[in-house]
Amino acid sequence: MTKPSDTKATNEARQSKAAAARARTDGKQPAEDLEEVQYGNIEVHRGSGGETHQLSEPDREPLTTQQGVPIADDQNTLTAGARGPQLLEDFVMREKIFHFDHERIPERVVHARGFGVRGFFETYDSLADITCADLLQRPGEKTEVFVRFSTVAGNKGSPDLARDVRGFAVKFYTKEGIWDLVGNNIPVFFIQDAIKFPDLIHAAKPEPDRGFPQAQTAHDNFWDFISLMPESMHMVMWIMSDRAIPRSFRFMEGFGVHTFRFVNAKGRSTFVKFHWKPKLGLQSVVWDEAVKLNGADPDFHRRDLWNAIKSGASPEYELGVQLFDDEFADRFEFDVLDATKLIPEEQIPVRPIGRLVLDQTVDNFFAETEQVAFCTQNVVRGIDFTNDPLLQGRNFSYLDTQLKRLGSPNFMHLPVNAPRCPFAHFQQDGHMAFINPKGRANYEPNSWGAEGGPREDPSRGYQTFREQVSGPKRRIRPESFADHYSQARLFYRSQTPTEQLHMVNALVFELSKVDKSAIRERVVASLINVDAQLATQVAEGLGLASLPEPLPPAVEPRDDLPESPALSIIKNGPTRFTGRRVGVLVDDGSDADTLAAIMREANAEGSMVALIAPTREGIHDSAGDLLEIAEKLEGGPSVLFDAVAVVLSQAGARRMCMKFAAREFVTDAHHHFKFVGYDEGGELLLDAAGIGQPRRDDGYVPLAGGGAAATFIAACRELRYWPRQIS
Ligand code: HDD
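The written sequence of each chain sets the order in which its residues are numbered from 1. Owing to the predicted nature of the model, reporting of local features is limited to residues with pLDDT of at least 70; listing and counting of side-chain atom pairs is limited to 80 or more, with chain, interface and lining totals taken over all residues. By convention in this description, side-chain values take in all heavy atoms of the structure and omit both hydrogens and water.

Asker: Can you tell me about the domain arrangement of the protein, naming the residues and giving the values?
Answerer: Accessible area lost during the coming together of the parts is what is often quoted as the interface size. On domain assignment, one finds that the protein holds domain 1 (98-413), domain 2 (486-570) and domain 3 (577-726). Each domain's extent was defined by an automatic or database domain assignment. Each of domain 1 and domain 3 has a C-alpha centre, and the two are 36 Å apart. Pairs of residues are marked as contacts when any of their non-hydrogen atoms sit within 4.5 Å. Contact residues are listed per partner, giving 16 residues for domain 1 and 16 residues for domain 3. A simple way to read buried area is as the amount of 1.4 Å-probe accessible surface that goes missing from two parts once joined, with both sides added. Buried surface at the junction of domain 1 and domain 3, summed over both partners, amounts to about 1200 Å²; 55% is from carbon and sulfur atoms. Any carboxyl oxygen of Asp or Glu within 4 Å of a side-chain nitrogen of Lys or Arg constitutes a salt bridge here. Connecting domain 1 to domain 3 are 4 salt bridges. The closest approach of N and O atoms between K674 and E289, which form a salt bridge, is 2.7 Å. The definition of a polar contact used here is a pair of N or O atoms within 3.5 Å, where within protein one atom must be able to donate a hydrogen and the other to accept one, and adjacent residues in sequence count solely through side-chain atom pairs. Taken together, the links from domain 1 to domain 3 amount to 7 residue pairs in polar contact (both at pLDDT 80 or more).

This is the structure in structure tokens:
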């Protein structure tokens, strides 16, 4: 740093600068216009009236303009005299500001907040008998992929833990072109026909007069729309469940939602629904945790994925398919073309066909995550659409939206969107065309022989499934789409009591933010068709004087559908603590052996340990070793961790007991049903926080004696200590 040592020197420096400035406004150029002084590896560039610090790296390539002209000074605009007007001729400054002014492209109208990563898909077995899709022909074949996870309603800067659907979009760069599987973490959708999509999204997004609330459905417009659209009720059950507040992208499922077709080389079609299953199992946070996480770390999900990949713990998912034929489709209780319905896995098991490994972060967020353009219309030979009216509408919308966002029909020239296989066509020109065909022919048929460009190839070309279609043109919703409540009921009844309670609480929370009582009442009237007990609990939570009459359903909801355990998170939680984090509260003097044991057991389980302490520079454990700290106490609340431990010396405990953040660390962990490990010092903090012996249930694991750390980490394999919630 360049701090003059005394006042006299400071004054002299000021005076000489002022003299220099005067000299320059007078048009006289002083000899030393830019002074450079070396301080360690920091170069101080001192010009008139200001200084900048640069790390000195002499061999660095020079900074240039976009035209490649090296830049001598990136700190000061060209002026006439030191204090004179800026000169229009300064192309360096003008080019820089011009480009900055145009840095933003429109954010996505939905799914604006997202996080993209790269990886590969590996095929398990050949599916040649079912589909001729090239990527599914050869066992062990690896296909490059780009995956973008997202929320739906919030803008680009909204927090990660909003209660919302998560997008799970996968771009497969196959040898026969790009296949985009643009799915969500929920297997059904709100609406049946794409024509209602703008209404749905308008209702969910901030209300148009006031521009809020941001990234949440807890407002009048959303519930007004929902209460008038009974077809949305199944999906509403999902978004009111913990599926809408996942622990991270690594612990959630993905679904293609629609029924698609696989088509084999002989032209035979098989219906298919796609599922992504995370290898780490399913896990969500609880609502209070989500609310606090949004403040403590609004980037919690993207940071989690980034850190996992950077640390070599690449998340993996299995791609599974539910395959069925016309005969099943005809006898299934619901219409397979209706995107508000799922096919229970117990009815058609999910067959794993490959694995997705996400092992690379992007080099540049904008270039890849922001510019990636998914289109449901991107299918490859062997994969085809069905007449699902939502899917067909999407096929228009995605291509259309890319033109708006990326500004040119050449958006597939961008590296993230370009096929990895050879491609050749006669489409030309347009904004930013930088992959351009050579030669004379830009049309076909042509007679230019070898120079005439590419030709159609009926044997390798995409063949649409030859489905027979007939019927009068009409605007009509088929009768087979009319049952809106049976699967909503199936979903609710397939949850554990803990999960059902979370759904009730979520509904009460959301509806309590609705100002108009008629809307609240109409939603409850609709919920009666799902489950009377659910509706009663919500009505009680809202303080409704009496239960309203149920909304008349178009079709009487079924009571005979068997529960589907596959729909519950808790029934499908992780079996190990792998991939999760335990946060350990420590201070100077924390017991070295206990900490070492926790780290050993956590490492053996494939989980991570983060130390939280009052200072960031590190603390000394009981053995005198300096320990690296992940979070300073006030910035590292327990919501950031899946389980917590408190390891404190007596003196450390006394210091911690005085701190609100330390007491909150354990009370929050308690109220979020987390497993808590504690030693003697930790016990003092628990007592001070009001979690004395009678409140310490079996979710509390004493860290005393050999094997205690192993017991603690083994307990953490359960998602949470749920009995604490019910008691
Ligand atoms: Fe959509 C983006 C998933 C219905 C119109 N959608 C988008 C993304 C995902 C989904 C994951 C983000 C892709 C990315 O990361 O860039 N959308 C779905 C699913 C749906 C669905 C699973 C129902 C099954 N979407 C849907 C309908 C329409 C759209 C019915 C319009 C008729 N969706 C869009 C869009 C977006 C989009 C406006 C915004 C940005 C983009 O496409 O690239 O075109």
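Still to come is the rest of the account.
Asker: Would you mind going over the sheet that holds strand β19 (residues 643-646) in detail, with residue names and values included?
Answerer: Paired strands, in this sense, are two strands between which DSSP finds at least two bridges. Secondary structure elements are defined from DSSP: runs of H or I of at least 4 residues count as helices, runs of E of at least 2 residues count as strands, and each element is numbered from the N terminus. Within the open sheet, the 6 strands sit side by side as β18-β15-β14-β19-β20-β21. Their pairing is parallel. Each end of this open sheet is capped by a strand with a single partner; those strands are β18 (631-632) and β21 (700-702). As defined by bridge partners, strand β20 (residues 676-678) adjoins β21 across 3 bridges and the pair is classed as parallel. The partner of Y678 across the bridge, within β21, is P702.

Asker: An account of the packing of helix α17 (residues 660-671) against helix α18 (residues 680-688) is requested, with residue identities and associated values reported.
Answerer: Contact pair α17 / α18: the axes reach a minimum separation of 9 Å and the direction vectors enclose 90°. The orientation of α17 with respect to α18, classified from their angle, is roughly perpendicular. Residues A662, R663 and V666 of α17 touch α18, and the partners they reach there are L685, L686 and A688. Under the scheme applied, nonpolar residues are Ala, Val, Leu, Ile, Met, Phe, Trp, Tyr, Cys and Pro; charged residues are Asp, Glu, Lys and Arg; polar residues are all the others, including Gly. Here the residues of the contact of α17 with α18 are counted per class, giving 5 nonpolar, no polar and 1 charged. The axes used here are C-alpha line fits, helices contributing only the stretch in contact, and every angle between their N-to-C directions lies in the interval 0 to 180 degrees. Reported orientations rely on four angle classes, namely roughly parallel under 35 degrees, roughly antiparallel over 145, roughly perpendicular from 65 to 115, and oblique for the rest.

Asker: I'd like to hear about the packing of aromatic side chains, residue by residue, with values.
Answerer: Two rings from Phe, Tyr or Trp (for Trp, the six-membered ring) form a pair when their centres sit within 6.5 Å of each other. Planes less than 30 degrees apart are called stacked, planes more than 60 degrees apart edge-to-face, and all others tilted. Tallied over the entire structure, the rule returns 27 aromatic pairs. Centroid distance F262 to F274: 5.6 Å. Interplanar angle 80°. Geometry classified as edge-to-face. With a gap of 12 residues between them, F262 in strand β9 (residues 260-263) and F274 in strand β10 (residues 269-278) connect regions that are remote in the sequence. Each residue is placed in one exposure class: buried if its accessible area under a 1.4 Å probe, protein chains only, is under 20% of its type's maximum, exposed if it is over 50%, and partly exposed if it falls in between. Note on F262: relative accessible area 0%, which makes it buried.

Asker: Can you break down the environment of L181 residue by residue, with the values?
Answerer: Structurally, L181 can be placed in strand β7 (residues 177-184). The exposure class of L181 is buried, given its relative accessible area of 3%. On a C-alpha basis, the gap between L181 and G256 in space is 6.4 Å, while along the polypeptide they are 75 residues apart. With residues up to four places along the chain from it excluded, the contact list for L181 reads F168, A169, V170, F172, G256, F260, F274, W276 and L319.

Asker: Outline the site of the ligand, supporting the account with residue identities and numerical values.
Answerer: Close contacts around the ligand come from 22 residues, with R108, R148, R394, Y398 and Q402 the closest. Take H111: an N or O atom from its side chain is 3.4 Å from a nitrogen atom of the ligand. Q402 has a polar side-chain atom sitting 2.8 Å from an oxygen atom of the ligand. Elements with a minimum of two residues in the shell around the ligand: β6 (166-174), β7 and α10 (389-406). With 6 residues, the single largest contributor to the shell around the ligand is α10. Only heavy atoms are used to decide nearness, and a residue is near a molecule or strand if one of them lies within 4 Å of it.

Asker: Just give me the short version of the pattern of salt bridges, but keep the residues and values in it.
Answerer: Scanning the entire structure with this criterion turns up 46 salt bridges. Two residues, D74 and K96, come together in a salt bridge whose shortest N-O distance is 3.1 Å. In this pair, D74 sits in the loop between β3 (50-55) and α2 (91-101) while K96 sits in helix α2, placing the two residues 22 residues apart along the sequence. For D74, a relative accessible area of 33% corresponds to the partly exposed category. Under the relative-accessibility criterion, K96 is labelled partly exposed at 46%. Measuring nitrogen to oxygen at the nearest pair gives 2.7 Å for the salt bridge that ties R724 to D697. Here D697 lies in the loop between α18 and β21 and R724 lies in helix α20 (residues 723-726), a separation of 27 residues in the sequence. Looking at D697, the relative accessible area reads 19%, which means it is buried. Because the salt bridges share partners, they merge into one network encompassing E122, K279, E316 and R355.

Asker: Describe the environment of I42, and please don't skip the residues or the numbers.
Answerer: Its place among the elements puts I42 in strand β2 (residues 42-47). A sequence separation of 15 residues divides I42 from E57, and the C-alpha atoms of the two residues are 9.2 Å apart.

Asker: Please give an account of the packing of helix α11 (residues 486-493) against helix α12 (residues 497-512) that cites residues and values.
Answerer: Two quantities define a packed helix pair, namely the angle between the helix axes and the distance between the axes. Running from N to C, α11 and α12 cross one another at 125°; their axes reach a closest spacing of 9 Å. Classified by the interaxial angle, the pair formed by α11 and α12 is oblique. Contacts from F491, Y492 and R493 of α11 reach α12 at Q500, M503 and V504. In the contact of α11 with α12, the residues fall into 4 nonpolar, 1 polar and 1 charged.

Asker: An account of helix α13 (residues 517-530) is needed here, citing residue identities and associated values.
Answerer: A helix's residues, less one, multiplied by 1.5 Å, set its expected span. End to end, α13 covers 20 Å across 14 residues, agreeing with the expected 20 Å (1.5 Å per residue, within 8%). The set of residues buried in α13 consists of I519, V523, V524, A525, S526, L527, I528, N529 and V530. Packing partners of the buried residues in α13 comprise α4 (220-227), α5 (233-239), α11, α12 and α14 (532-542).

Asker: Describe the side chain of D388, listing the residues and the values that go with them.
Answerer: Its place among the elements puts D388 in the loop between β13 (383-384) and α10. As used throughout, the charge tally considers Lys and Arg to be positive and Asp and Glu to be negative, leaving His and the chain termini uncounted. Buried within the structure, D388 lacks any salt-bridge partner; its nearest side chain of opposite charge belongs to K273, at an N-O separation of 6.4 Å. Among residues more than four places away in sequence, those in contact with D388 are Q192, H258, L337 and A339.

Asker: Requested: an account of the pairing of strand β5 (residues 142-151), with residues and values cited.
Answerer: Most of β5 sits inside the fold, with 8 of its 10 residues counted as buried. The pairing of strand β4 (residues 114-123) with β5 spans 9 bridges and is antiparallel. By the bridge assignment, V117 is partnered in β5 with V147.

Asker: Got a sec to walk through helix α16 (residues 650-657)? Specific residues and values, please.
Answerer: Taken as a whole, α16 has its buried residues at G652, A653, M656 and C657. All buried residues of α16 lie within an arc of 135° about the axis, which places them on one face of the element. Directions pointing from the helix axis toward each C-beta atom define the arc.

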